[in-house]
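An overview of the molecular structure
What follows is the residue order along each chain.
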Amino acid sequence: MSTTSTTPLRFLKMHGLGNDFVIVDRRTDARPLPAAAIAAVGNRRTGVGCDQFITIEPGDAEADAVMGIYNGDDGSPSGACGNATRCVAHLLMQETGKAEVTIRTVSGLLRGWRDVATGLVTVDMGPARLDWQEIPLAEPRDTLHADLSVGPLHDPVCVSMGNPHAVFFVDDVAAVDLPAVGPQVERHPLFPARTNVEIVQVLDRGRVRMRVWERAAGITMACGSGACAVGVAAVRRGLTDRRVAVALDGGTLTIEWREADGHVLMTGPVATAFAGTLDPSLLPAPAPALT
Ligand SMILES: N[C@@H](CCC[C@H](N)C(=O)O)C(=O)O
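- The name that an unreviewed UniProt entry assigns to the protein chain is Diaminopimelate epimerase, with the source organism given as Caenispirillum bisanense.
- Among the UniProt annotations of the protein chain, the heading Catalytic activity (unreviewed entry) holds the following wording: "(2S,6S)-2,6-diaminopimelate = meso-2,6-diaminopimelate".

1. Some details on the UniProt feature "active site" (unreviewed entry) in the protein chain
- In the numbering used here, UniProt assigns the "active site" (unreviewed entry) feature to C81 and C223. The greatest C-alpha distance among the residues just named is 7.6 Å, despite their covering 143 residues of sequence, which places them together in space.
- Note that C81 resides in the loop between β4 (65-71) and α2 (82-96).
- Other than its neighbours up to four places away in sequence, C81 contacts Q52, I69, G224 and S225.
- Its 37 C-beta neighbours within 10 Å are what place C223 among the buried residues.
- Among all residues touching C223, those that are not within four sequence positions of it are N19, N196, V212 and E214.

2. Section: the domain arrangement of the protein chain
- Here the domain parsing of the protein chain yields domain 1 (9-124 + 271-282) and domain 2 (127-267).
- Put simply, the middle of domain 1 and the middle of domain 2, counted by C-alpha atoms, are 23 Å apart.
- Put simply, the parts of the chain that give the side of domain 1 that touches domain 2 at least two residues each are α2 and β7 (121-127).
- Of the residues that constitute the side of domain 1 that touches domain 2, the class distribution is 5 nonpolar, 14 polar and 5 charged.

3. Considerations on the site of the ligand
- In the region of the ligand, 20 residues are neighbours, and S78, N83, N163, G224 and S225 sit closest.
- Sorting the residues of the shell around the ligand by element identifies α2 and α4 (224-236) as the ones contributing at least two each.
- The biggest single contributor to the shell around the ligand is α4, with 3 residues.
- Split by residue class, the shell around the ligand holds 5 nonpolar, 12 polar and 3 charged.

4. Focus on the pairing of strand β13 (residues 207-214)
- When you tally the buried positions in β13, you get 7 out of 8 residues, the bulk of the element.
- As paired elements, strand β12 (residues 196-204) and β13 share 7 bridges and run antiparallel to each other. Bridging from a neighbouring strand, V202 pairs with V208 of β13.
- Hairpin remark: β12 followed by β13, antiparallel, with 2 residues in the connecting loop.
- Pairing analysis gives 3 bridges linking β13 to strand β15 (residues 243-248), with the strands arranged parallel. Across the sheet, R209 pairs through a bridge with A247, a residue of β15.
- Across 2 bridges, β13 lies against strand β14 (residues 218-219) in antiparallel orientation. Note that in β14 the partner of W213 across the bridge is I219.
- The antiparallel hairpin formed by β13 and β14 contains 3 residues in its connecting segment, where A216 sits at a positive phi of about 55 degrees.

5. Here we look at the pairing of strand β11 (residues 164-169)
- Across the 6 residues that make up β11, a large majority, 6, are buried.
- Because side chains alternate across β11, one face comprises the buried residues P164, A166 and F168, and the other comprises H165, V167 and F169, equally buried.
- Pairing of strand β10 (residues 157-160) with β11, which is carried by 4 bridges, proceeds in the antiparallel orientation. If you follow S160 over to β11, its bridge partner there is P164.
- Where β10 hands over to β11, the hairpin turn is made up of 3 residues, of which G162 adopts a positive phi near 100 degrees.
- Bridging between β11 and β12 involves 5 bridges; their strand directions are parallel. Pairing of V167 across the sheet is with E198, part of β12.

Cut-offs used in this document
- Residues numbered from 1 in each chain as written.
- Predicted model: local features only at pLDDT ≥ 70, side-chain atom pairs only at ≥ 80, totals over all residues.
- UniProt positions renumbered as here; feature names shortened; annotations may be inferred.
- Helix = DSSP H or I, 4+ residues; strand = E, 2+ residues; numbered from the N terminus.
- Contact = placed C-beta atoms within 7 Å.
- Buried ≥ 20, exposed ≤ 12 C-beta atoms within 10 Å, placed from the backbone.
- Domains from an automatic or database assignment.
- Nonpolar A, V, L, I, M, F, W, Y, C, P; charged D, E, K, R; others polar.
- Near = placed C-beta within 6 Å.
- Pairing = 2+ DSSP bridges.

The following block contains the structure:
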């Protein structure tokens, strides 16, 4: 189909636990979407507003679709978005009638499925990556005790779920001024690609409370890849069992770090808020005609 910037671009607004996404289907409309246009759409005052902007691209021999992930603040790409992956898995299952779908992201092939009784959607987020170069960190460090202090936060566990996470265990998540300290950790020189920041309070061996400062999105109601990183970090520190309920501001995700293959499974609800079209003025103007 031929499209121009004056043709409205259709989108779906979805969320997982209040972590919200503008999702566009580029299998039917592949117009260019530069970072500035994504940031304009992501702006909550002047655009639609979203934590992440998600694209669905044509699939291939192994995947039902390819998913692109961009942060709402600046259009920067990310290697993972757990909650959006659950939303896209839900859409693809609805579309294909399949009980299980496969989604390709820049970090790998992810499988998603639904529990028919509860409607909850699970995604296999693949293996947690624990080497300092995979986070990435700027220099060799033990990712189990990364020897970093920023304000009241100390001694993070660093985990990559395809995107970087610094997980700090604290006594009381409510007592931390996350809007103040989150951006300082996000942009600390130890993290050359910046980082997502999680603060966690362990409640018991099966439950934790978590708050998140997301890279290029700020405080969000929930972060799926962050919850995965927290589950992995808590097991590595010996604080919880391998299956844990992670209570976020927007609700609870169940995380299981599977012993057999090191994959991390994430389960929770998805919801569709509304469908709409993007104002063409938010999108790039057509290139001027050559004379
Ligand atoms: N909300 C997401 C994570 C989105 C990407 C993140 N801000 C990054 O830059 O890595 C999730 O549910 O995982």
